[in-house]
Amino acid sequence: MIYLELFLGFLKVGCFTFGGGYGAIPLIRDVVLSYGWLSEEMLTYMIAVGESTPGPIMVNLATYIGSSQAGILGAVIATLAVVFPSFVIILLITALLKTAIKNKYVQAVLRGLKPCVTGIVLATGLYMVFTNLFGSVSVFNTDIKALLIGAVLVLSMILFKLIAKKKLSPIMLIVLSAAAGIIVYGC
Amino acid sequence: MKLLLDLFLTFAKIGMFTFGGGYAMISVIENNCVERKKWITHDEMMDMTVVAESTPGPIAINCSTFTGYRIAGFPGALASTVGMVIPSFIIIFVISMFLDNFLELTVVANAFRGIKIAVGILILDAAINMIIKMKKKLLPMLIMILSGIAMLLINIFSWNFSSVSLMLIAAAVSLVIFLLSGGAKKKGGAEE
């Protein structure tokens, strides 16, 4: 039952992603790959599309995956599921439990959750960068072109930070990487 | 009713013109809801940011639900949240109908080979920001390192172990340590 799977999968995403934005991607990746909804390749494309279109990335991904798996109804179900936990939790906190966040047990749980999320995001980032540049861990196959693009991107981020005194926005980095991809791999 | 429409349209506008989600949303919401509309105060906005960070889900949804509820109760929360989601939903739904054909073009496929590298770097960058913000104490550092190693192994060997289980274990460990260390008996509560 694809509708139920979409609902449960994205409910999990909505319940367990902290911090939003790119920090949410490792969990989405985990859920999406384990249900076999998208390939790793296709997911990366969608992350780029989600970044280049407005709105929260989690909502963008939920809508796309829902739509690709089960049409408009799938899109509606996945989007509702990803939004639902936030909506309910925030309502409960603002309406009834104004001090719930400060509760010592809740704080103890959060003190465990947050560093764990950080570790997961770090590991996923390292793994993705490594496989992009060197192929898989078992079949070591360095991609010189990819290495070149990676070096250009990191250098641009550092230079921008030094010169403009602020961070290069993710969308600018994606535009830059697309241009680099076309230049290096041809059109 | 006019207020609900105003909430809906304001958040639809924020949803339509903010790229990237996450923390990028917060400054736009502050600009609209605190400075222009004066729906909430700057202090409330700060409180909300803390709550949004400590609760799961997209930050934009957390903020729109909070603001909507403050201004107009449950209907307000609903109007704001729906407003926030609608633009994304429509845009992505339309894209999803012809993305596959679009990806068959060689130039697009090559552009995405570059983008793939950028996405990895962006996730790593998000992790670095999270580490900077983290409390530099023994327990959180240890949990972070162990979870990171576990996640790397899960990825490398394609183990069938979800990151959600990893998070639940970390939460349980932290709670048990808190109870064993006698934290429950201390007065006050939050350490911050």
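See the structure printed just above.
Everything quoted here is computed from the prediction, not taken from an experiment.

A. Structural view of the overall build of chain A. Check the secondary structure of chain A and you find 7 helices and 0 strands. Listed by position from the N terminus, the elements making up chain A come as α-α-α-α-α-α-α. Counting only C-alpha atoms and orienting by the principal axes, one finds that chain A spans roughly 55 × 40 × 35 Å. Burial status across chain A gives 53% buried among its 187 residues.

B. Broad picture of the interface of chain A and chain B. The interface is formed by 99 residues belonging to chain A together with 92 residues belonging to chain B. Residue B:K116 pairs with A:E41 through a salt bridge whose shortest N-O separation is 3.7 Å. Linking chain A to chain B there are 13 residue pairs in polar contact (both at pLDDT 80 or more). Only α1 (2–16), α2 (25–35), α3 (40–52), α4 (57–95), α5 (104–134), α6 (144–164) and α7 (170–185) of chain A provide two or more residues apiece to the side of chain A that touches chain B. For the side of chain A that touches chain B, the element with the highest residue contribution is α5(A), accounting for 26 residues.

C. Representation of the nonpolar core in the model. Residues and elements named next belong to chain A. Ranked by internal contacts, the top residues of the largest apolar core, which has 102 residues, are F10 and Y22. Considering each element in turn, this core owes the most residues, 15 residues, to α4. Other than its neighbours up to four places away in sequence, F10 contacts W37, L61, A62, I65, A78, A81 and V82.

D. Summary view of the side chain of B:T10. Residue and element names in this part refer to chain B. Its location among the elements puts T10 in helix α1 (residues 2–17). Residue T10 is classed as buried on the basis of its relative accessible area of 5%. Only 2.7 Å separates the side chain of T10 from the backbone oxygen of D6, close enough to count as a polar contact. Those residues in contact with T10 that sit more than four places away from it in its chain are N32, K37 and W39.

E. How the structure looks around the packing of α3(A) against helix α4 (residues 59–103) of chain B. Where α3(A) contacts α4(B), the axes come no closer than 12 Å and their chain directions differ by 130 degrees. Between α3(A) and α4(B), the interaxial angle falls into the category oblique. In the packing of α3(A) onto α4(B), the handedness of the crossing is right-handed. Between α3(A), through A:M42, A:Y45, A:M46 and A:V49, and α4(B), the contact on the second element is made entirely by B:I92, B:I95, B:L99, B:D100 and B:L103. In terms of residue class, the contact of α3(A) with α4(B) is built from 8 nonpolar, no polar and 1 charged.

Reading the values: the criteria
- Residues numbered from 1 in each chain as written.
- Chains lettered and ligands numbered in written order.
- Predicted model: local features only at pLDDT ≥ 70, side-chain atom pairs only at ≥ 80, totals over all residues.
- Heavy atoms only, no water.
- Helix = DSSP H or I, 4+ residues; strand = E, 2+ residues; numbered from the N terminus.
- Buried < 20%, exposed > 50% of the residue type's maximum accessible area, 1.4 Å probe, protein only.
- Contact = heavy atoms within 4.5 Å.
- Salt bridge = Lys/Arg side-chain N within 4 Å of Asp/Glu carboxyl O.
- Polar contact = N/O pair within 3.5 Å; in protein donor to acceptor, adjacent residues only side chain to side chain.
- Core = buried A, V, L, I, M, F, W, Y, C linked by side-chain atoms within 4.5 Å.
- Axes fitted to C-alpha atoms, helices over the stretch in contact; angles between N-to-C directions.
- Parallel < 35°, antiparallel > 145°, perpendicular 65-115°, else oblique.
- Left-handed = near helix turned anticlockwise from the far one by under 90°.
- Nonpolar A, V, L, I, M, F, W, Y, C, P; charged D, E, K, R; others polar.

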